[in-house]
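Below are the chains, spelled out letter by letter.
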Amino acid sequence: MRKATLVLLLALLIACSLPWAASAGLRYTPHQNPETAQSAFAVPSLLSNYGIAMRLISEKDFSDAKSLLEQLKQAAIPAELKNAMDLYNSLTAETNEMLETIDELLQEVDSLINQQLLNDAGVKLDQAEDQIEEAESKLQDLTQATEAIGKQVGVLAGPDEQKIAYDALTDMLSRVDQLRDTYEQLRQELSQKVVEKQQQLTATSITLVLTPGETWVDENIIISGRLTDEYGNPLPDAAGKVITFIIAEHSWGGAVGAVTDGNGYYSRGITVPYLYLSSTTVKALWIPQGDDDKNTYQACSVSQDLTILFHQSQLEITDAPQEMYPGLAGTISGQVTSTGEVSERVLKASLEGADVGQALTDGEGNFQLEVTPPADIDLGSHTLRIFLIPKQKSSGEFQDIEVKVTKLVPEVVVQTSGFVFSSASLRVDGSVSWEGTPISGAAVNLSFSGTSATTTTSDDGTFSFDLSVPWAPIIGGSQSIDVTVVPSESWLGTTQAKASVLVLSPLNIALLSAALITIGVVLYRRRRHLVILTPEEEAFPESAEEHLIVAVEPKDSKEQVLATYYLAVRLVQESTGMLLQSQQTLREFLNEVEGHLGKVGESFAELTWRAEQALYSPSIPSAEEVAQAEQIAHSLERELSR
């Protein structure tokens, strides 16, 4: 795919340049200063010069080839042809550098083999093999690119120019084949040298003895043995050979391992590390260094089993929360049991790689571990890992707990008047708490009737707003008060609460007054009585002059209850001289006048409650409830008229 793309790109670039190339009649050598070069360049000359560069590469004249390619890159080539030739130049230059590197590597391999540095020679030879394979692939790309350019500009280039390019490319291919042959010869020579060296090397042997073969962690054992040739004889210059110990497949002893004496014996006391493995293996290894590397093989002993004793510890989680909260500590309970130490054992908690808690066990191995998730942790499911840290001869342990990190929702209470007149002031009070504990410093955002305000909760968790209700000439109706609380505590989430208030506009009042007038008061002469007539009674009233008659029925039962209440309010106002103020709620007016009404206060309180239900409850009063309200109004009117 890469080769096809390269050829296609070159073909497209050359094809786009053909109209210019066909109109160019002059030829210029590409070895010109780009500052003074003319605006046209002969394509055939350019192609033959690339052929010269490739011939230099095949002749191992890499330096001159590189210089020529640099000059060709700077040639005065019109923009229509420059992109294609720059790509071709880059491909040729990369091939030049690659063949030069291969040539240097193979020369170096030959030198290393002659010096008997066979390991180093093998490394360099592997590098040369990789470079040859890449060069072969690069030359295939260059061959296809040359063919593509030749087809596109063949009508402009004569046979001599094309032959120069193709012959040079053939020479480069032959040169790579030669490098491949040289590589194969060196590989074969290296293999022969390795075999010869192995035949000349002295075979070695090393023994290993563990004393004792069973021990506790952090206690000493003696590792001893002998390094000899394959016949059990000491090696020449046997003293000072460094032995490395391998335990559980890890180097143990290292550069300060045991050292052999003049007869090849070695011995050293080693402290068993805190592996907490019931058993493991130990080996002794000798790797020849310096002149030994030229004359002897390395030696590795037979593995010996080492039984390691320690106190096995168990970690049991007895209680853990299923949910945790950012920045808020949660408690995890559990117990550590062991045949060794259980008191003052260290436990640590890790959540997503962060240390989130630490505790110590008591004398019986019980623990209470407080875990505090980071304040900025992502919400959702997490794995909480509890580590029991090893202690001397007692092993460690860990347990994973799946927890859900979420936020708690605080309780928000919003209080305000049941209704308010437009253009008046409205007070909104509230509180924020969690399980009875006040939440201070929380941001409180309020939105009401197109206006907004912000405050923070006080130390006791309360907040208040004094709002100016916009004046509205139209019907106000019920308005929503939206409160959003954003606590400062990371473990509490944002909470929203709502309240509603009935906004009465001037038109509301006018309509109510009109309704009262429409309901009407028929002049009375002797006694005033409030009578709500049924349709049948309305058609045939008895002694109309003696009664206050409601002549028009409200639209629904809610309005019937409210109309009854407002007529009762008029009677109370006339009796007490106290008026219902615009900023007062129905309950506040009741509290103000109830003490002045005596026994009648109970009836007015009952009627006030029914009016509040009609205003704020979604349920519709039944006909029976309307009749009860009217009966209460009758009783109130009768008592006040005495």
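Refer to the preceding data block for the structure.
Presented here is a report on the structure given in the accompanying data block. In this text the structure is predicted, and so the values were computed from the model without any measurement. (Residues numbered from 1 in each chain as written. Predicted model: local features only at pLDDT ≥ 70, side-chain atom pairs only at ≥ 80, totals over all residues. Heavy atoms only, no water.)

## Re the environment of Gly264
Part 1: Relative to the helices and strands, Gly264 resides in the loop between strand 7 (258-259) and strand 8 (265-271).
Part 2: Taking the relative accessible area as the measure of exposure, Gly264 reaches 0% and is therefore buried.
Part 3: Considering only alpha carbons, one finds Gly264 and Arg226, 38 residues apart in sequence, at a separation of 5.2 Å.
Part 4: If we skip the residues at most four places from it in the chain, Gly264 touches Gly225, Arg226, Leu227 and Ala238. (Helix = DSSP H or I, 4+ residues; strand = E, 2+ residues; numbered from the N terminus. Buried < 20%, exposed > 50% of the residue type's maximum accessible area, 1.4 Å probe, protein only. Contact = heavy atoms within 4.5 Å.)

## Focus on the packing of helix 10 (residues 557-576) against helix 12 (residues 600-616)
Part 1: The interhelical angle for the contact between helix 10 and helix 12, taken along N-to-C directions, is 140 degrees, at an axis separation of 9 Å. As for the relative orientation of helix 10 and helix 12, their crossing is left-handed in sense. Contacts between helix 10 and helix 12 involve Lys558, Val561, Leu562, Thr564, Tyr565, Ala568, Val569 and Val572 from the former and Phe604, Leu607, Thr608, Arg610, Ala611, Gln613, Ala614 and Leu615 from the latter. (Axes fitted to C-alpha atoms, helices over the stretch in contact; angles between N-to-C directions. Left-handed = near helix turned anticlockwise from the far one by under 90°.)

## What about helix 3 (residues 62-73)?
Part 1: Its 12 residues place the ends of helix 3 16 Å apart at the C-alpha level, agreeing with the 16 Å of an ideal helix rising 1.5 Å per residue.
Part 2: Among the residues of helix 3, Phe62, Ala65, Leu68, Leu69 and Leu72 are the ones counted as buried. Seen along its axis, helix 3 keeps its buried residues to an arc of 125 degrees; they face one direction. (Expected span 1.5 Å × (residues − 1). Arc of directions from axis to C-beta.)

## What about the sheet that holds strand 19 (residues 397-405)?
Picture the strands of a sheet paired through backbone hydrogen bonds; they go either parallel or antiparallel.
Part 1: Taken in spatial order, the five strands make up an open sheet running 13-19-18-15-16, and their pairing is mixed. Only two strands of the sheet have a single neighbouring strand rather than two, namely strand 13 (323-324) and strand 16 (354-360). (Pairing = 2+ DSSP bridges.)

## Notes on the environment of Arg55
Part 1: Tracing the chain through its elements places Arg55 in helix 2 (residues 43-58).
Part 2: Put simply, Arg55 and Leu169 are 114 residues apart on the chain and 7.5 Å apart in space, counted from C-alpha to C-alpha.

## Structural notes on the pattern of salt bridges
Part 1: Applying the stated criterion across every chain, the model contains 13 salt bridges.
Part 2: Note that Arg175 and Asp103 form a salt bridge whose closest N and O atoms lie 2.9 Å from each other. Taken together, the residues span a long stretch of sequence, with Arg175 in helix 6 (residues 159-200) and Asp103 in helix 4 (residues 79-114) at a distance of 72 residues.
Part 3: Residue classification places Asp103 among the buried positions, given a relative accessible area of 10%.
Part 4: Among the ionic contacts, a cluster of salt bridges with common partners joins Asp126, Glu129 and Arg187. (Salt bridge = Lys/Arg side-chain N within 4 Å of Asp/Glu carboxyl O.)

## Focus: the side chain of Thr215
Part 1: If you trace the backbone, Thr215 turns up in strand 3 (residues 214-216).
Part 2: Here Thr215 is in contact with Asn220, Ile221, Val272, Leu306, Thr307, Ile308 and Leu309, once residues within four sequence places are set aside.

## Considering the nonpolar core
Part 1: Counting 53 residues, the largest nonpolar core has Leu426, Phe448, Ile481, Tyr565 and Phe604 as the members making the most contacts within it.
Part 2: In terms of residue count, the dominant contributor to this core is helix 10 (eight residues).
Part 3: Setting aside its immediate chain neighbours within four residues, Tyr565 contacts Leu586, Phe589, Phe604, Leu607, Thr608 and Ala611. (Core = buried A, V, L, I, M, F, W, Y, C linked by side-chain atoms within 4.5 Å.)

## Here's the deal with the packing of aromatic side chains
Part 1: This structure, assessed with the given rule, holds eight aromatic pairs.
Part 2: On the basis of an interplanar angle of 65 degrees and a centroid distance of 6.0 Å, the ring pair of Phe463 and Phe465 is categorised as edge-to-face. Judged on exposure class, the residue Phe463 and its partner Phe465 are both buried.
Part 3: Aromatic rings pair up to connect Tyr565, Tyr566, Phe589 and Phe604 into one cluster. (Phe/Tyr/Trp six-rings, centres within 6.5 Å; stacked < 30°, edge-to-face > 60°.)

## Brief notes about the packing of helix 10 against helix 11 (residues 586-593)
Part 1: Interaxial distance between helix 10 and helix 11 falls to 12 Å at its minimum, and their mutual angle equals 30 degrees. As summarised for this structure, helix 10 and helix 11 are arranged roughly parallel, according to the angle between their axes. Handedness of the crossing formed by helix 10 with helix 11: left-handed. Touching Tyr565, Val569, Val572, Gln573 and Thr576 of helix 10 are Leu586, Phe589 and Val593, all from helix 11.
Part 2: Its residues placed into classes, the contact of helix 10 with helix 11 shows six nonpolar, two polar and no charged. (Parallel < 35°, antiparallel > 145°, perpendicular 65-115°, else oblique. Nonpolar A, V, L, I, M, F, W, Y, C, P; charged D, E, K, R; others polar.)

## Concerning helix 12
Part 1: In this model helix 12 runs 25 Å from its N-terminal to its C-terminal C-alpha over 17 residues, within 8% of the 24 Å that 1.5 Å per residue would give.
Part 2: Contacts from the buried residues of helix 12 go to helix 10, helix 11 and helix 13 (623-640).

## Some details on the side chain of Lys138
Part 1: You can see Lys138 is positioned in helix 5 (residues 118-153).
Part 2: Once residues lying within four places of it in the same chain are set aside, the contact partners of Lys138 are Leu91, Glu94, Thr95 and Met98.

## So, the pairing of strand 26 (residues 462-468)
Part 1: By the alternation rule, side chains of strand 26 split into Phe463, Phe465 and Leu467, which are all buried, and Thr462, Ser464, Asp466 and Ser468, of which none is buried.
Part 2: Both strand 22 (residues 425-434) and strand 26 contribute to a ladder of seven bridges, which runs antiparallel. In the sheet register, Val428 faces strand 26, and the bridge partner there is Phe465.

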